[in-house]
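# Notes for the structure review
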Amino acid sequence: MDELLASGPGNPETLGWSYFIRGFLAVLQGDWTAARPALEQAMRASREAGQPIQLANSLSMASIAANMAGDRESALRLLADADVLAAELDDIPTRVSVLQARSLNALFEGDFETLKLVATEGARLSRQVGDLYALHMMNLNLGGAALLSGDAGESRERYTEALRIAYQIDDRIGQFYLLAALAFHATVDGRAKTAAQLLGASETIRIGAGATVMPVMNPVITQAEESAIATLGKARFDVEFSAGMRLSRDSAVAIALGEAGQATSAARDDAETGLLAKREVDVARLVAEGLSNKQIGVRLFISERTVDSHIRNILNKLGFNSRTQIAAWMAANQSP
């Protein structure tokens with residue numbers, strides 16, 4: 001996205017969406033420093049191009065970014081502007097976008113009643129238009145509202161539905177948060193070992209997605225970890241946490257959903273092993289075949305610079321320092 005946006009002004013009618021996507025990706029990764037300037041550019045481009053739907057969505061996302069950055073004054077101002085604009089538009093996805101921003105704002109204010117009302121309406125509209133991403137985010141919000149209100153059963157049900165959807169659409173950020181949230185519920189249910197493994201699996205996904213923990217989720221994750229350690233002891237917790245980090249996403253989700261018996265019992269996961277993204281697996285496979293970065297770029301139709309970035313990510317995720325180690329790892333994971 002950065003290379004594309006730096007290449008020129010582009011089409012005025014789509015420039016706003018381009019900056020919006022860049023800001024949205026930064027929000028997902030918890031990078032408020034990168035998110036806010038991109039979203040400001042999105043708002044400016046949307047206004048200049050006369051694109052009210054683009055503008056309303058950018059205002060909503062900018063409000064979320066401002067809240068996460070601790071700038072409450074800007075967050076409230078942006079949310080108010082988004083609300084007014086969305087009310088003038090006959091566009092359900094835009095309305096859902098504003099409801100998501102209002103949900104997070106209510107969470108920051110500790111107004112759980114408003115959070116529940118807003119997220120319930122957002123879930124209803126998301127189901128109406130078949131927006132699975134928005135639906136699982138609204139369920140994540142509702143799970144948090146129920147948890148903070150003391151309704152553990154409702155919270156678990158909402159988190160479970162959200163995880164099923166996040167797994168279906170392969171939303172890695174959603175999986176990261178929801179595995180951690182269900183780890184908390186595992187500690188409540190007295191399943192400390194499961195909680196430690198889910199926290200480990202969640203951490204692997206977080207690292208793979210390059211994300212940081214949103215402040216609103218920190219207490220849930222911290223409490224789950226502290227509860228599990230109190231039950232297991234630090235040494236045992238570390239063992240189970242490490243085991244969780246080695247789980248594939250399939251296995252981790254199955255455990256979180258209580259479907260571990262349906263997960264594969266094979267000792268070796270597929271080549272991705274829950275650690276690498278699909279494109280990184282493609283690159284790793286070609287590294288194992290002995291191809292240079294230039295040759296890999298030609299094979300995958302990506303730049304040599306992008307190949308280099310993928311290889312650095314692979315080395316970081318696997319804790320390696322050479323292409324030879326990547327090749328050996330691929331050979332071990334692809335053997336029968």
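Notes on the structure in this doc start here. (Residues numbered from 1 in each chain as written. Predicted model: local features only at pLDDT ≥ 70, side-chain atom pairs only at ≥ 80, totals over all residues. Heavy atoms only, no water.)

On to the overall build of the chain. Looking only at helices and strands, the chain features 18 helices and 0 strands. In terms of overall size, the chain behaves like a compact globule, its C-alpha atoms giving a radius of gyration of 21 Å where 336 residues would be expected to give roughly 20 Å. The buried share of the chain, taken over its 336 residues, is 47%. Counted over contacts in the chain with a minimum sequence separation of 6, partners at least 24 positions apart contribute 61%. Just so you have it, the chain exposes about 15,900 Å², and 52% of that area is on carbon and sulfur atoms. Taking the average place of the 32 positive charges on the side chains of the chain and the average place of its 40 negative ones, the gap between the two points comes to 5 Å. (Helix = DSSP H or I, 4+ residues; strand = E, 2+ residues; numbered from the N terminus. Rg over C-alpha atoms; globule rule 2.2 N^0.38 Å. Buried < 20%, exposed > 50% of the residue type's maximum accessible area, 1.4 Å probe, protein only. Contact = heavy atoms within 4.5 Å. Areas by Shrake-Rupley, 256 points an atom, 1.4 Å probe, with all protein chains shown as cover. Lys, Arg positive; Asp, Glu negative; His and termini not counted. Charge placed at Lys NZ, Arg CZ, Asp CG, Glu CD.)

The subject of this paragraph is the pattern of salt bridges. In the structure shown here, the tally under the stated rule is 19 salt bridges. Notably, a salt bridge pairs arginine 127 with glutamate 161, separated by 2.9 Å at the nearest N-O pair. Taken together, the residues arginine 127 in helix α7 (residues 112–129) and glutamate 161 in helix α9 (residues 152–168) connect sequence positions 34 residues apart. The salt bridge involving arginine 312 is made with aspartate 308; its shortest N-O contact spans 3.0 Å. Here arginine 312 pairs with aspartate 308, and both are found in helix α17 (residues 304–318), just 4 residues apart, close to one helical turn. Through salt bridges that share partners, Lys278, Arg279, Asp282 and Arg285 make up one connected network. (Salt bridge = Lys/Arg side-chain N within 4 Å of Asp/Glu carboxyl O.)

Turning to α17, a few remarks are in order. Every α-helical turn comprises 3.6 residues, leaving residues that sit three or four positions apart pointing alike. For α17, spanning 15 residues, the distance from its first C-alpha to its last is 21 Å, which sits close to the expected 21 Å at 1.5 Å a residue. Within α17, burial applies to Val307, His310, Ile311, Ile314, Leu315, Lys317 and Leu318. End-on, the buried residues of α17 take up no more than an arc of 165°, which puts them together on one face. Those residues of α17 that are exposed and angled more than 90 degrees off the buried face are Arg305 and Asn316. Once α17 ends, the next one or two residues include glycine 319, with phi positive near 75°. (Expected span 1.5 Å × (residues − 1). Arc of directions from axis to C-beta.)

This next bit is on the packing of aromatic side chains. What the rule picks out here adds up to 5 aromatic pairs. Arranged with centres 5.6 Å apart and planes meeting at 85°, the rings of tryptophan 17 and phenylalanine 20 form a pair that is edge-to-face. Note that tryptophan 17 and phenylalanine 20 are positioned in helix α2 (residues 12–28) at a spacing of 3 residues, about one turn of the helix. Using a relative accessible area of 30% as the deciding quantity, one classes tryptophan 17 as partly exposed. Summarising the aromatic geometry, the rings of phenylalanine 176 and tyrosine 177 are spaced 4.3 Å apart at their centres and angled 35° between planes, so their arrangement reads as tilted. (Phe/Tyr/Trp six-rings, centres within 6.5 Å; stacked < 30°, edge-to-face > 60°.)

A word on helix α12 (residues 218–232). Its 15 residues place the ends of α12 21 Å apart at the C-alpha level, agreeing with the 21 Å of an ideal helix rising 1.5 Å per residue. Three or more residues of α12 are buried, namely Val220, Ile221, Ala224 and Ala228. The buried residues of α12 all sit within an arc of 95° when viewed along its axis, so they share a single face. Facing away from the buried side of α12 by more than 90 degrees, the exposed set consists of Pro219, Glu226 and Ala230. In this structure, the buried residues of α12 make contact with α8 (132–148), α10 (172–188), α11 (192–209) and α13 (234–245).

With that out of the way, let us pick up the environment of isoleucine 64. With respect to the helices and strands, the residue isoleucine 64 is situated in helix α4 (residues 52–68). A relative accessible area of 5% places isoleucine 64 in the buried class. Between the C-alpha atom of isoleucine 64 and that of tryptophan 32, which follows or precedes it by 32 residues, the distance is 9.6 Å. Once residues within four sequence positions are removed from consideration, isoleucine 64 is found in contact with Val27, Gln100, Ala101 and Leu104.

Take it as geometry only, folks, not as evidence of what the structure does.
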